[in-house]
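The residues making up each chain are set out below.
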Amino acid sequence: MTTPVVADGTAQVAPLRRPLFDYLPVGLFGSVMGLMGLGVGWRLAGARHGFTTLIADTIGWTALAAFVVLALAYGAKAVTARPAVLSEFRHPIAGNLFGTVPISLLLLPFVLQGLSPRLAATAWILGAAGMLVFAFLIVSRWMGSRHQLAHATPAWIVPVVGLLDVPLAAPSLGLPHTQALAMFSLSVGLFFAVPLFTLIFARLVFEEPLAPAQRPTLMILVAPFAVGFSSYVATVGRVDAFAEALFFVALFVFAILVGRLRDLPRCCPFRVSWWAVSFPMAAMAVAALRYAGHAGTIAADILAVLLLGLATVTIAGLALRTVLGIARGELRELAS
């Protein structure tokens, strides 16, 4: 390929490819997770209390649309700003958030199943394979190099939560030989959840407080227990004493973190990192709805409806603020 020559005989240098969406954080896929979890919650509430399925369907299709848009945008970033993607992946904190991509794929079958069972199964297979590879790489990174305790933030939970998401949609897909994979993912996820939670708790107690932009990630600490409960029930097919223990631990941690984050809108400017609260809150609501179906008490039903309402209001607020920021052209600032 020859270099173009202008009239005066000098070589014309081709312009460099302009980076697209180089500021877009991969953690924004957490919005897809939050929306999908909320849609599942409304579907469970509809089945138990007779709510219309229109709400669940609308939220689910919104999540699917968000995934497509984000996949295209981050794909453009990967092509035009590859060094930025590699730098993000190698970051000791942000690199863990790449797990939000396969987690999103693992949750999409809840929407895709009604559209195309084959497409739903494909999304789940890609998500499960991607999550297993990602978890292997991240755990190898943790064990293969020295890290600072300050790097042990709630984002480190994401690879574990991703493994716990593998069994959730598996029973509805009807795929053969998935039980062993579900049990493997559940076992490894729960095993690593305990030391990681302990490590992060120690970091929060003995190190400097999280930066304001990272404070919303505290809610991720709920996810291993809330998602672990739903994953365990999906794998073994019942709510037993161990499942109840997971739910009550999730409820205890959730109550503490809601108190810690109640002043977030007043003390910290909005950033897309706030979406980190969405999936754990939705997962807590889903766990409460599943538990209410087992407990069969009015108190459990009231708790589940309250948690679903709180998750709905929170995620709706995040979505409206994000859309408003995009309309104002503030996405680069909000992603910082």
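Per chain, residue numbering runs from 1 following the sequence as it is written. Only residues with pLDDT of at least 70 get local features here, since the model is predicted, and only at 80 or more are side-chain atom pairs given and counted; chain-wide, interface and lining totals rely on the full set of residues. Note: side-chain values were computed over all heavy atoms of the structure, leaving out hydrogens and water.

Caption draft 1: Just the confidence of the model for the protein, in detail. Looking at any residue, its pLDDT shows the predictor's confidence there, from 0 to 100. For the protein, per-residue confidence averages 91 on the pLDDT scale, and 95% of positions sit at 70 or higher. Numbering of helices and strands runs from the N terminus, with a helix taken as a DSSP run of H or I at least four residues long and a strand as a DSSP run of E at least two residues long. Put simply, helix α12 (residues 264–267) is where the protein has its lowest mean pLDDT, 77, and helix α4 (residues 100–107) is where it has its highest, 97.

Caption draft 2: Geometry of the packing of helix α6 (residues 117–144) against helix α7 (residues 158–165). Every axis in this analysis is a line fitted to C-alpha atoms, fitted for helices over the stretch in contact. Angles between the N-to-C directions lie between 0 and 180 degrees. Interhelical geometry of α6 versus α7 gives an angle of 150° and a closest axis separation of 9 Å. Judged by the angle between their axes, α6 and α7 are roughly antiparallel. In the packing of α6 onto α7, the handedness of the crossing is left-handed. For the pair formed by α6 and α7, the contact residues are Met131, Leu132, Phe134, Ala135, Ile138 and Trp142 on the first element and Val158, Pro159, Gly162 and Leu163 on the second. Three categories are distinguished: nonpolar for Ala, Val, Leu, Ile, Met, Phe, Trp, Tyr, Cys and Pro, charged for Asp, Glu, Lys and Arg, and polar for the others, with Gly belonging to the last. In terms of residue class, the contact of α6 with α7 is built from nine nonpolar, one polar and no charged. Angles below 35 degrees are treated as roughly parallel, those above 145 as roughly antiparallel, those between 65 and 115 as roughly perpendicular, and all remaining angles as oblique. Handedness of a crossing is defined here by the sense of rotation of the near helix relative to the far one, left-handed for an anticlockwise turn of less than a right angle and right-handed for a clockwise turn. Note on contacts: a residue pair is in contact if any heavy atoms of the two residues lie within 4.5 Å.

Caption draft 3: The arrangement of the environment of leucine 310 in detail. With respect to the element layout, leucine 310 can be found in helix α14 (residues 298–327). Only protein chains enter the accessibility calculation, which uses a 1.4 Å probe; a residue is then buried when its area is under 20% of its type maximum, exposed when over 50%, and partly exposed in between. A residue is classified by how much of its surface remains accessible, and leucine 310, at 34% relative accessible area, is partly exposed. Taking C-alpha positions, leucine 310 is 22 Å from serine 231, a pair spaced 79 residues apart along the chain. Filtering out sequence-adjacent residues up to four positions away, leucine 310 remains in contact with Phe254 and Met281.

Caption draft 4: Summary view of empty space enclosed by the protein. Definitions used throughout: a 1 Å grid over protein atoms alone; a cavity as a set of points that fits a 1.4 Å probe which cannot get out; a pocket as an open set with protein on both sides within 12 Å along at least five of seven lines; a lining residue as one with an atom within 4 Å of a point. Grid points are joined across faces, edges and corners, and a volume is the space filled by probe spheres set on the points. Taken as a whole, this structure holds two cavities of 30 Å³ or more when the rule is applied. Lining the largest cavity are 14 residues, and of these Val40, Leu107, Leu168, Phe279 and Val286 sit closest to its centre. Elements supplying a minimum of two residues to the lining of the largest cavity: α1 (30–49), α10 (223–236) and α13 (278–295). Of all the elements, α13 adds the most residues to the lining of the largest cavity, at four residues. For the lining of the largest cavity, a count of residues per class yields 10 nonpolar, two polar and two charged. Here the second largest cavity is characterised by a volume of approximately 40 Å³. Among the secondary structure elements, those contributing two or more residues to the lining of the second largest cavity are α1, α2 (53–80) and α5 (109–112). Element by element, the count of residues in the lining of the second largest cavity is highest for α1, at four residues. Its residues assigned to classes, the lining of the second largest cavity comprises five nonpolar, two polar and one charged.

Caption draft 5: Structural view of α10. Given a rise of 1.5 Å per residue, 14 residues ought to cover 20 Å, and the 19 Å separating the end C-alpha atoms of α10 matches this to within 8%. In terms of residue burial, α10 counts as a mostly covered element, since 12 of its 14 residues are buried. Turning to α10, the residues buried within the fold contact α7, α9 (179–206), α11 (241–261) and α13. The first or second residue beyond α10 is glycine 237, which carries a positive phi of 80°. Here the expected span of a helix is defined as 1.5 Å times the quantity of residues minus one.

Caption draft 6: Local environment of unusual backbone geometry. In this model, phenylalanine 21 sits at a positive phi of 55°, which is unusual for a non-glycine residue. Note on placement: phenylalanine 21 falls in the segment before α1. Positive phi, close to 60°, is recorded for histidine 177, a residue that is not glycine. Relative to the assigned elements, histidine 177 resides in the loop between α8 (170–173) and α9.

Caption draft 7: A look at a nonpolar patch on the surface. Taken together, the side chains of Trp61, Leu115 and Leu119 define a hydrophobic patch exposed on the protein surface, amounting to about 310 Å² of accessible area. Summarising the element assignment, leucine 115 is placed in the loop between α5 and α6. Patch definition: residues with relative accessible area over 30% and no salt bridge; like charges joined within 9 Å; nonpolar side chains (Val, Leu, Ile, Met, Phe, Trp, Tyr) joined within 5 Å. Accessible areas in this description were obtained via Shrake-Rupley with a 1.4 Å probe; residue shielding takes into account the shown protein chains only. We count a salt bridge whenever a side-chain nitrogen from Lys or Arg sits within 4 Å of a carboxyl oxygen from Asp or Glu.

Caption draft 8: Molecular detail of the pattern of salt bridges. Tallied over the entire structure, the rule returns seven salt bridges. Note that arginine 48 and aspartate 301 form a salt bridge whose closest N and O atoms lie 2.6 Å from each other. Here aspartate 301 lies in helix α14 and arginine 48 lies in helix α1, a separation of 253 residues in the sequence. Where lysine 77 meets glutamate 88, a salt bridge forms, and the shortest distance between an N and an O atom there is 3.1 Å. Taken together, the residues span a long stretch of sequence, with lysine 77 in helix α2 and glutamate 88 in helix α3 (residues 82–90) at a distance of 11 residues. Lysine 77 gets classed as buried once you look at its relative accessible area, which sits at 3%. Residue class for glutamate 88 comes out buried when judged on its relative accessible area of 12%.

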